[in-house]
Amino acid sequence: QQPVQSPQAVILREGEDAVINCSSSKALYSVHWYRQKHGEAPVFLMILLKGGEQKGHEKISASFNEKKQQSSLYLTASQLSYSGTYFCGTGLRAQKLVFGQGTRLTINP
Amino acid sequence: DAMVIQNPRYQVTQFGKPVTLSCSQTLNHNVMYWYQQKSSQAPKLLFHYYDKDFNNEADTPDNFQSRRPNTSFCFLDIRSPGLGDAAMYLCATSSERGQSYEQYFGPGTRLTVT
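Predicted, not measured: the structure shown is a model, and the values here were computed from it.

Asker: Residue-level account of the overall build of chain A, with values.
Answerer: Check the secondary structure of chain A and you find zero helices and eleven strands. In sequence order, the secondary structure elements of chain A are arranged as β-β-β-β-β-β-β-β-β-β-β. The proportion of buried residues among the 109 residues of chain A is 45%. Put simply, of all contacts in chain A between residues at least 6 apart along the chain, 55% involve residues at least 24 apart. With the model as given, the accessible surface of chain A reaches about 5,700 Å², and the carbon-plus-sulfur share is 49%.

See below:
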């Protein structure tokens, strides 16, 4: 079952914050986040393995609420390089990830 | 640098003419995946190898086959490509050993069917 991402698209000015949500109707064991720039391969951002876990890398962080079967990706003080399509992937460990439909993020100067 | 390599990057084939896409990796990962990604859509898993064990997705058409002759190489064969098979094909790897679970993607092969 494909997880549902929201919003489908976001347009921001550089320096603004964004939140991308990923929810599933099935129990989640792990959530992966990837970013894909146009014409390029997806690039791994982070994986969350436990309920309620939060992770962060510089100004990008994520939370995982196992009970609510959802994860959120937080982008703080966005930079132009953050532009791209963000996918969440859900599954057991790294096998058989099912990706959400993607959220297109556009950062304008 | 350790990486996932896909060849060719662009492939044009004729309707019904068999085509093979290749993927190699220097990461020594035991799991390899093939995804199909159409424009503005999410990558869709076609199949994956866990070591030598082949795992086919239920909705992957029989037209798609795969071979993994050794740990480093994996091939995607499309026996009779149709116009609907035009897409980006992504190879990815991951390791189920230790704590590393993320998938590393190759640059993809863009397939055009004429």
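Asker: For the sheet that holds strand β7 (residues 64-67) of chain B, give the residues involved together with the corresponding values.
Answerer: Pairing between sheet strands relies on hydrogen bonds along the backbone, with the strands arranged either parallel or antiparallel. All names here are of chain B. The strand order across the open sheet built from four strands is β1-β3-β8-β7, with neighbouring strands paired in antiparallel fashion. The sheet is open, and its two edges are formed by β1 (4-7) and β7, each paired on a single side. Taken pair by pair, the neighbouring strands of this sheet meet at an average axis angle of 20 degrees, ignoring direction. Where β1 meets strand β3 (residues 19-25), four bridges bridge the pair, whose relative direction is antiparallel. Residue pairing across strands places V4 opposite Q25, the latter belonging to β3.

Asker: Explain the interface of chain A and chain B to me, and be specific about the residues and the numbers.
Answerer: Taken together, the contact between chain A and chain B spans 19 residues of the former and 20 residues of the latter. The contact between chain A and chain B buries some 1,600 Å² in all, and 59% of this surface belongs to carbon and sulfur atoms. Summed over the shared surface of chain A and chain B, the number is zero salt bridges. Applying the counting rule to chain A against chain B returns two residue pairs in polar contact (both at pLDDT 80 or more). Elements represented by at least two residues in the side of chain A that touches chain B include exactly β4 (30-36), β5 (43-48) and β10 (95-99) of chain A. By residue number, the principal contributor to the side of chain A that touches chain B is β10(A), which donates four residues. When its residues are assigned to classes, the side of chain A that touches chain B shows ten nonpolar, six polar and three charged.

Asker: I'd like to hear about the nonpolar core, residue by residue, with values.
Answerer: Buried together is how nonpolar side chains tend to be arranged in soluble globular proteins. One finds W33(A), M46(A), L73(A), L75(A), Y82(A), Y86(A) and L105(A) to be the most contacted residues of the largest nonpolar core, which totals 21 residues. Put simply, the parts of the chain that give this core at least two residues each are β2 (9-13), β3 (18-23), β4, β5, β7 (60-65), β8 (70-75), β9 (84-92) and β11 (103-108) of chain A. Beyond its immediate stretch of four places on either side in the chain, L75(A) contacts E16(A), D17(A), A18(A), I20(A), K59(A), I60(A), Y82(A), Y86(A) and L105(A). Counting residues in each nonpolar core, the second largest holds 18 residues, with M32(B), F64(B), C74(B) and V113(B) among its members.

What counts, and where the lines are drawn
Residues numbered from 1 in each chain as written. Chains lettered and ligands numbered in written order. Predicted model: local features only at pLDDT ≥ 70, side-chain atom pairs only at ≥ 80, totals over all residues. Heavy atoms only, no water. Helix = DSSP H or I, 4+ residues; strand = E, 2+ residues; numbered from the N terminus. Buried < 20%, exposed > 50% of the residue type's maximum accessible area, 1.4 Å probe, protein only. Contact = heavy atoms within 4.5 Å. Areas by Shrake-Rupley, 256 points an atom, 1.4 Å probe, with all protein chains shown as cover. Pairing = 2+ DSSP bridges. Axes fitted to C-alpha atoms, helices over the stretch in contact; angles between N-to-C directions. Buried area = accessible area lost by both parts, 1.4 Å probe. Salt bridge = Lys/Arg side-chain N within 4 Å of Asp/Glu carboxyl O. Polar contact = N/O pair within 3.5 Å; in protein donor to acceptor, adjacent residues only side chain to side chain. Nonpolar A, V, L, I, M, F, W, Y, C, P; charged D, E, K, R; others polar. Core = buried A, V, L, I, M, F, W, Y, C linked by side-chain atoms within 4.5 Å.

These figures come from the coordinates and say nothing about function on their own.
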